[in-house]
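Each chain, written out:
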Amino acid sequence: QNIVMAIIRDISERKLMLDNLEYMANYDFLTNIYNRSALLVEFSSMIELAKKNNTKLAVLFFDVDKFKHINDTYGHAAGDLVLMEVAARINSLITKEDILGRMGGDEFLVVKSCVKNNDDLSNFINEVFNAFNKPLEIHGKTIMVNTSIGAALFPDDAQDRYSLINFSDDAMYQAKKIIGNSYKMYKDIKDNFK
């Protein structure tokens with residue numbers, strides 16, 4: 001007499017747990033965009049693809065102007081909502097070939113693929129500034145949010161991820177020092193670092 005034994009397991013709960021772990025490993029819990037480590041992995045892949053296809057990438061480093069003032073004035077919960085809205089507004093402007101991630105705090109990075117020329121990049125940056133012209137309504141308060149942006153180009157300014165991030169960060173700090181709510185290209189400020 002043959003005996004057939006079947007073991008039936010409900011794996012849906014385990015699958016959900018694994019999906020959650022994968023999500024937490026790759027996405028920022030607050031803004032639902034790539035976290036720093038996942039962003040760096042994707043960025044490396046984009047550089048390899050750009051080398052293969054002989055195309056340009058733009059690397060844009062953003063931060064929220066006077067974010068500490070927002071936190072101090074309206075509270076950290078409001079600050080979190082500002083970061084969520086900033087991420088959502090930038091995310092609405094990028095294509096599926098681009099990536100957006102949170103570097104930490106109020107700092108974000110966009111890697112824009114297939115940038116044809118400086119006009120192409122300027123148009124995108126203007127779209128970002130236009131997206132922030134509309135104030136945020138948070139906890140019954142109207143908050144104007146501005147951003148400073150630094151941009152570097154692959155392969156013009158550098159060909160490795162580390163340098164491109166640092167150069168766009170340097171350019172962003174120059175934009176912030178001047179007035180904020182503006183942008184700088186690394187090629188225009190690099191002499192400051194010689």
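See the structure shown above.
First, a word on what this report is: a plain description of the structure on this page.

Scoring rules and cut-offs
- Residues numbered from 1 in each chain as written.
- Predicted model: local features only at pLDDT ≥ 70, side-chain atom pairs only at ≥ 80, totals over all residues.
- Heavy atoms only, no water.
- Helix = DSSP H or I, 4+ residues; strand = E, 2+ residues; numbered from the N terminus.
- Expected span 1.5 Å × (residues − 1).
- Buried < 20%, exposed > 50% of the residue type's maximum accessible area, 1.4 Å probe, protein only.
- Arc of directions from axis to C-beta.
- Contact = heavy atoms within 4.5 Å.
- Axes fitted to C-alpha atoms, helices over the stretch in contact; angles between N-to-C directions.
- Parallel < 35°, antiparallel > 145°, perpendicular 65-115°, else oblique.
- Phe/Tyr/Trp six-rings, centres within 6.5 Å; stacked < 30°, edge-to-face > 60°.
- Lys NZ or Arg CZ within 6 Å of the ring centre and 35° of its normal.
- Polar contact = N/O pair within 3.5 Å; in protein donor to acceptor, adjacent residues only side chain to side chain.
- Salt bridge = Lys/Arg side-chain N within 4 Å of Asp/Glu carboxyl O.

1. Focus: helix α5 (residues 118–131)
Counted at 1.5 Å a residue, the expected span for α5 with its 14 residues is 20 Å, and the 20 Å between its end C-alpha atoms agrees. Every buried residue of α5 is listed here: L121, F124, I125, V128, F129 and A131. Taken end-on, α5 shows its buried residues confined to a sector of 160°, consistent with a single buried face. Turned more than 90 degrees off the buried face of α5, the exposed positions are D119 and N130. Residues of α5 that are buried sit in contact with β1 (57–64), α4 (76–91), β3 (107–112), β6 (147–154) and β7 (183–185).

2. With respect to the packing of helix α2 (residues 36–53) against helix α6 (residues 161–178)
α6 packs onto α2 with a crossing angle of 110° between their chain directions and a minimal axis gap of 10 Å. Considering their axes alone, α2 and α6 lie roughly perpendicular with respect to each other. Contacts between α2 and α6 involve L40, V41, F43, S44 and I47 from the former and R161, L164 and I165 from the latter.

3. Regarding the packing of aromatic side chains
Summed over the entire model, instances satisfying the criterion amount to three aromatic pairs. Ring centres of F129 and Y183 lie 6.5 Å apart, and the angle between their planes is 35°; on these two criteria the pair is classed as tilted. In this pair, F129 is assigned in helix α5 and Y183 in strand β7, connecting sequence segments 54 residues apart. When its relative accessible area of 14% is taken as the criterion, F129 is described as buried. We classify Y183 as partly exposed; its relative accessible area is 29%. Centre to centre, the rings of F167 and Y186 are 4.0 Å apart; their planes meet at 5°, and the pair counts as stacked. Of the two residues, F167 sits in helix α6 while Y186 sits in helix α7 (residues 186–189), which places them 19 residues apart along the sequence. The same class applies to F167 as to Y186, namely buried. The ring of F124 carries K112 above its face, with NZ or CZ at 4.8 Å from the centroid.

4. Observations regarding the side chain of T31
Note on placement: T31 falls in the loop between α1 (12–26) and α2. Looking at T31, its side chain comes within polar contact range of the side chain of D28, at 2.5 Å. Once residues within four sequence positions are removed from consideration, T31 is found in contact with L83, M84, A87, R102 and F108.

5. A look at the pattern of salt bridges
Throughout the structure, instances matching the rule amount to 10 salt bridges. In this structure, E48 and K51 form a salt bridge, with 3.8 Å as the shortest nitrogen-oxygen distance. Of this pair, E48 and K51 are both found in helix α2, three residues apart, which corresponds to roughly one turn of the helix. With a relative accessible area of 48%, E48 lands in the partly exposed category. Among the ionic pairs, E85 bridges to R89, the shortest N-O distance being 2.8 Å. Of this pair, E85 and R89 both sit in helix α4, four residues apart, roughly one helical turn. Put simply, D63, D65 and K176 are held in one network by salt bridges that share partners.

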